[in-house]
Amino acid sequence: MNTRTFTNLDTPRLILRRFRDTDLASFMAYRNDREVARYQSWESITRAEAVRFIAQQSHHRPGIPGRWFQFAAEVKAGGALAGDCALLVIRTTPRIGEIGYTFARAYQHSGLASEAARAVIDFAFGPLELNRVIATTDCRNAPSVALMERLGMKREGHFLHNVWFKGEWCDEYQYATLREEWSRNRVS
């Protein structure tokens, strides 16, 4: 697939697409929610940072090694921006990708993050032809751990005091799935 022509990924309830200028207010709302930011690398976002982020992401394309691509997750029923799902193709090992996700509180615990992550992993193994997809989370982030396990990803690592995060040492889990495992699990 020529990712230069990427327009969107379609799921039953979501359209995963590039960010648009009209996403600014919703994007800033969930990025400035302390609960949403709790396990993220950021605390908040200014208007100028959000405008710059949206402008950059609207011109990026998925699959560029070393560059995160954020898929804006738009709810089909009503068109609201629910959150985003990210994909990074590892620069030093371009057949491996990493995913992440952030959803506004109003859209959490509804299966939308799982739906978005599943579509992004399908995209990674399909058109991008990656061999492995990983995800890392703070061990205390039970909803993220549950999401990765619902996706069928395997916990491959438990790293103690792996990262200095928001003023304290934190433990992390790393999950992964291989292309053949994903294909096998998607059929069954």
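Residues numbered from 1 in each chain as written. Predicted model: local features only at pLDDT ≥ 70, side-chain atom pairs only at ≥ 80, totals over all residues. Heavy atoms only, no water.

Caption draft 1: Structural view of the overall build of the protein. Scanning the protein from terminus to terminus reveals six helices and eight strands. Taken from the N to the C terminus, the helices and strands of the protein come in the order β-β-α-α-α-β-β-β-α-β-α-β-β-α. The C-alpha atoms of the protein give 16 Å as radius of gyration, which agrees with the globular expectation for 188 residues (16 Å, within 12%). Counting only C-alpha atoms and orienting by the principal axes, one finds that the protein spans roughly 40 × 40 × 35 Å. Considering the protein as a whole, with its 188 residues, one finds that 47% of them fall into the buried category. In the form shown here, the protein has an accessible surface area of approximately 9800 Å², with 50% of it arising from carbon and sulfur atoms. Across the protein, the centroid of the 26 positively charged side chains sits 4 Å from that of the 21 negatively charged ones. (Helix = DSSP H or I, 4+ residues; strand = E, 2+ residues; numbered from the N terminus. Rg over C-alpha atoms; globule rule 2.2 N^0.38 Å. Buried < 20%, exposed > 50% of the residue type's maximum accessible area, 1.4 Å probe, protein only. Areas by Shrake-Rupley, 256 points an atom, 1.4 Å probe, with all protein chains shown as cover. Lys, Arg positive; Asp, Glu negative; His and termini not counted. Charge placed at Lys NZ, Arg CZ, Asp CG, Glu CD.)

Caption draft 2: Region of interest: the packing of aromatic side chains. Scanning all chains against the criterion turns up 12 aromatic pairs. Where Phe69 meets Phe71, the ring centres are 4.7 Å apart and the plane angle is 80°; that geometry is what we call edge-to-face. Judged on exposure class, the residue Phe69 and its partner Phe71 are both buried. Taken together, a centroid distance of 5.4 Å and an interplanar angle of 70° make the contact between Trp164 and Trp169 edge-to-face. Aromatic rings pair up to connect Phe6, Phe69, Phe71 and Phe123 into one cluster. Its end group placed over the ring of Phe53, Arg31 keeps NZ or CZ at 5.4 Å from the ring centre. Above the plane of the ring of Tyr173 lies Arg155, whose end atom (NZ or CZ) is 3.7 Å from the centre. (Phe/Tyr/Trp six-rings, centres within 6.5 Å; stacked < 30°, edge-to-face > 60°. Lys NZ or Arg CZ within 6 Å of the ring centre and 35° of its normal.)

Caption draft 3: Inspection of the pairing of strand β6 (residues 132-138) at higher detail. Of all seven residues in β6, six are buried; the element is thus mostly enclosed. Bridge count for strand β5 (residues 96-103) against β6 is three bridges, and the pairing is parallel. When the sheet's bridge partners are listed, Ile96 is paired in β6 with Arg132. Of the strand pairs in this sheet, β6 and strand β8 (residues 168-178) are connected by seven bridges, and their pairing is antiparallel. Bridged to Asp138 within β8 is Glu172. (Pairing = 2+ DSSP bridges.)

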